[in-house]
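A look at the structure
Listed here are the chains, written in short residue letters.
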Amino acid sequence: STVCTSWLVEAIADISSTRDFCFRVVAYISSALANGGDHSSQPEPHRQVTLHHAAFIFHTLVQDSSSFVQMFRTHFTEEFRYFISISRMKQRLPESNPLTRSTVELLQSTKSKILR
């Protein structure tokens with residue numbers, strides 16, 4: 001399974017629309033975590049699920065492709081440094097949601113690899 005995933009990730013790395021897709025996903029993650037100063041508002045459940053999917057996709061891309069790591073470093077360092085913050089995730093995502101812990105871990109791992 002890992003060999004297939006690695007091969008697939010490398011295969012899509014060269015497709016021009018993949019970069020646009022990544023831009024949209026980063027924008028989605030950033031907007032889902034943005035709160036306009038209201039720490040008590042939480043994303044709706046379907047947005048929490050979508051956020052988890054986005055975190056899983058990014059984690060997979062970063063784990064299986066050095067070209068994606070480089071692309072994220074080139075284009076999204078600011079977003080991962082300033083807008084996709086672990087403290088913001090913990091404020092915005094409810095502890096009662098079973099996806100929260102996994103989402104935070106996936107994004108933390110991805111962020112760590114990109115900001116190295």
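To start, this report covers the structure provided alongside it. Each chain has its residues counted from 1, following the order in which its sequence is written. Reporting of local features is limited, given that this is a predicted model, to residues whose pLDDT is at least 70; pairs of side-chain atoms are given and counted only at 80 or more, and all residues count toward the totals for whole chains, interfaces and linings. Processing note: side-chain calculations cover all non-hydrogen atoms of the structure and skip hydrogens and water entirely.

A look at the overall build of the chain
Per the convention used, a helix needs a DSSP run of H or I reaching at least four residues, while a strand needs a run of E reaching at least two, with both numbered from the N terminus. Assigned secondary structure in the chain consists of six helices and zero strands. From first element to last, N terminus to C terminus, the chain shows the α and β order α-α-α-α-α-α. The proportion of buried residues among the 116 residues of the chain is 38%. By definition, residues are in contact when any of their heavy atoms lie within 4.5 Å. Taking the intrachain contacts of the chain between residues at least 6 apart in sequence as the baseline, contacts between residues at least 24 apart amount to 79%. With an accessible surface of roughly 6,700 Å², the chain has 55% of that area assigned to carbon and sulfur atoms. The buried label applies to any residue whose accessible area, calculated with a 1.4 Å probe on protein chains only, is under 20% of its type's maximum; exposed applies above 50%, and partly exposed to all values in between. Only the protein chains shown count as cover for residues, and the accessible areas themselves come from Shrake-Rupley with a 1.4 Å probe.

What about the nonpolar core?
By nonpolar core we mean a set of buried residues, namely Ala, Val, Leu, Ile, Met, Phe, Trp, Tyr and Cys, connected to one another through side-chain atoms within 4.5 Å. If you look at the biggest cluster of nonpolar residues, it comprises 27 residues, and the most contacted ones within it are Cys22, Ile29, Phe58, Phe72 and Met89. Leaving out residues up to four positions away in the same chain, Phe72 has contacts with Cys22, Phe58, Leu61, Val62, Thr77 and Ile114.

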